[in-house]
Amino acid sequence: MIIIEDREIEVIDIHVHPPDTLMDPVPPGFDSVEGELIARMDEAGVDRVALLAFDVDKNDIVANQDLFYKPVRYTRNIGGGTFGSILIEIMSWFDRVYRSEEDINKYVKKDSKRVIGFGSINPKRSEEEVKEKLRKIKEFGFKGIKMIPTFQFCNPTDECLNPVYEYAQKEKLVILSHTGCDPGLWEYPDFCEDARPIHLAEVAEKYPRLKIVAAHLGSYSAENPGIWFEEMMQVAAEHDNIYTDTSAVDPELVRRAVARIGSDKIVYGSDYPVVLTYCDRTVGMLLNLNNILKLDVSTDDKEKILGKNAKNILKP
Ligand SMILES: [Zn+2]
């Protein structure tokens, strides 16, 4: 809870990864990574977080290695290794950031009122594995599913995702889908194309009761920040069931988004603790929230962005 102009405002962060996402140990002063998350939330004034599983699979790198020839060449222009060493590096990074539903559930168990679990489904897994994940998402009482079209090598409109969307619509699970580029090779245009907001428009039309949150205002990119901001604005404005989160982007884009489409479609997200510039593991949650508080938008707008909209989206 934070207070703006004597008004108590509930803060819900819709885009949070576990503190140990990069597998660093628990810093001194915390009993556990789960305890650390709650302490960081308390420090920042964050009431609830959606904590995201992350289903990336290093086997997808091998299966899709042909796709890497062009981007590896591109990346070598900005400094890189040999083809093989780059692939191995990405595979080990995938292993480090992978998080299962069980990993997330440990945090939920620590404080189920404040930590809302989101599963993650890599649509390239077998039908059986996908079913098993959906079963766990239900068993653990999770409220959403995180999709990563870039690292999962899958376009949101791919028909293999239909059973996932049908299930999510029926069970009222939110789909949180990455939009924009991703670090390293995923800045290469062919590689981030699947994460364009326009693909989610097609999903939203096919599943009108499915709630979709497009992450990062369509804008995440180190090389071309704001890459699909305009497309994102249009897609969110035209579809009642598409929202977009504020994580890992320049706060100025959040201000522009409010001016462009209003605050009803915008939800607060931090991407804690993975995007160092915006939200590191130690003070990131606090700084990220302050960036929103400092914005030149009305208190009503802040109240909606920081919690009110997410509360509606997440309600059963
Ligand atoms: Zn994220």
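Residues numbered from 1 in each chain as written. Predicted model: local features only at pLDDT ≥ 70, side-chain atom pairs only at ≥ 80, totals over all residues.

## A few points about the overall build of the chain
Here comes step 1: Each helix and strand in the chain was counted, giving 13 helices and 10 strands.
Here comes step 2: A compact globule built from 316 residues would reach a C-alpha radius of gyration of about 20 Å, and the chain, at 18 Å, matches this within 12%.
Here comes step 3: Relative to its 316 residues, the chain shows a buried fraction of 47%.
Here comes step 4: Counted over contacts in the chain with a minimum sequence separation of 6, partners at least 24 positions apart contribute 76%. (Helix = DSSP H or I, 4+ residues; strand = E, 2+ residues; numbered from the N terminus. Rg over C-alpha atoms; globule rule 2.2 N^0.38 Å. Buried ≥ 20, exposed ≤ 12 C-beta atoms within 10 Å, placed from the backbone. Contact = placed C-beta atoms within 7 Å.)

## Details of the packing of helix α1 (residues 33-44) against helix α5 (residues 101-110)
Here comes step 1: Axis separation between α1 and α5 bottoms out at 9 Å; the angle between their running directions is 60 degrees. By the angle between their axes, α1 is oblique relative to α5. Once α1 is placed against α5, the crossing between them reads as right-handed. For the pair α1 and α5, contact is made by Glu-34, Leu-37 and Ile-38 and by Lys-106, Tyr-107 and Lys-110, respectively.
Here comes step 2: Classifying every residue of the contact of α1 with α5 gives 3 nonpolar, no polar and 3 charged. (Axes fitted to C-alpha atoms, helices over the stretch in contact; angles between N-to-C directions. Parallel < 35°, antiparallel > 145°, perpendicular 65-115°, else oblique. Left-handed = near helix turned anticlockwise from the far one by under 90°. Nonpolar A, V, L, I, M, F, W, Y, C, P; charged D, E, K, R; others polar.)

## Observations regarding the environment of Ala-201
Here comes step 1: With respect to the helices and strands, the residue Ala-201 is situated in helix α9 (residues 197-206).
Here comes step 2: Separated by 86 residues in the primary sequence, Ala-201 and Leu-287 have C-alpha atoms spaced 32 Å apart.

## Some details on the pairing of strand β3 (residues 12-16)
Here comes step 1: Most of β3 sits out of view: 5 of its 5 residues are buried.
Here comes step 2: Pairing of β3 with strand β4 (residues 48-52), which is carried by 3 bridges, proceeds in the parallel orientation. Opposite Asp-13, over in β4, you have Val-49 as the bridge partner.
Here comes step 3: Note on the crossover from β3 through α1 to β4: the handedness is right-handed. (Pairing = 2+ DSSP bridges. Right-handed = clockwise from strand over helix to strand, strands pointing away.)

## Remarks on the domain arrangement of the chain
Here comes step 1: Each assigned domain of the chain is listed with its residue range as follows: domain 1 (2-57 + 98-314) and domain 2 (58-97).
Here comes step 2: Distance between the C-alpha centres of domain 1 and domain 2: 25 Å.
Here comes step 3: Contact residues are listed per partner, giving 15 residues for domain 1 and 14 residues for domain 2.
Here comes step 4: The class makeup of the residues in the side of domain 1 that touches domain 2 is 9 nonpolar, 3 polar and 3 charged. (Domains from an automatic or database assignment.)

## Some thoughts on the environment of Pro-273
Here comes step 1: Tracing the backbone through its elements, the reader meets Pro-273 in the loop between β10 (266-267) and α12 (284-293).
Here comes step 2: The exposure class assigned to Pro-273 is buried, which follows from the 23 C-beta atoms found within 10 Å.
Here comes step 3: Pro-273 sits 255 residues away from Pro-18 along the chain, and the two C-alpha atoms are 7.4 Å apart.

## Side note on α1
In an α-helix there are 3.6 residues to a turn, and that puts residues three or four apart on one side.
Here comes step 1: Over its 12 residues, α1 extends 17 Å from the first C-alpha to the last, a length consistent with the 16 Å expected when each residue adds 1.5 Å.
Here comes step 2: All of the buried residues in α1 are Glu-34, Glu-36, Leu-37, Arg-40, Met-41 and Ala-44. Within α1, the buried residues cover an arc of 160 degrees as seen down the axis, which keeps them to one side.
Here comes step 3: The inward-facing, buried residues of α1 abut β4, α5 and α12.
Here comes step 4: At the C-terminal side of α1, Gly-45 shows a positive phi close to 90 degrees. (Expected span 1.5 Å × (residues − 1). Arc of directions from axis to C-beta.)

## Section: the packing of α1 against α12
Here comes step 1: Interhelical geometry of α1 versus α12 gives an angle of 35 degrees and a closest axis separation of 8 Å. Where α1 crosses over α12, the handedness of that crossing is right-handed. Here α1 contributes Arg-40, Met-41, Glu-43 and Ala-44 to the contact with α12, which in turn contributes Met-285, Leu-286 and Leu-289.
Here comes step 2: In the contact of α1 with α12, the residues fall into 5 nonpolar, no polar and 2 charged.

## Notes on the pairing of strand β5 (residues 115-120)
Here comes step 1: Here β5 lies mainly inside the structure; 6 of its 6 residues are buried.
Here comes step 2: On β5, burial covers both faces: Val-115, Gly-117 and Gly-119 on one face and Ile-116, Phe-118 and Ser-120 on the other are all buried.
Here comes step 3: Across 3 bridges, the pairing between β5 and strand β6 (residues 144-147) is parallel. Bridging from a neighbouring strand, Ser-120 pairs with Lys-146 of β6.
Here comes step 4: With respect to chirality, the unit in which β5 leads through helix α6 (residues 127-139) into the neighbouring parallel β6 is right-handed.

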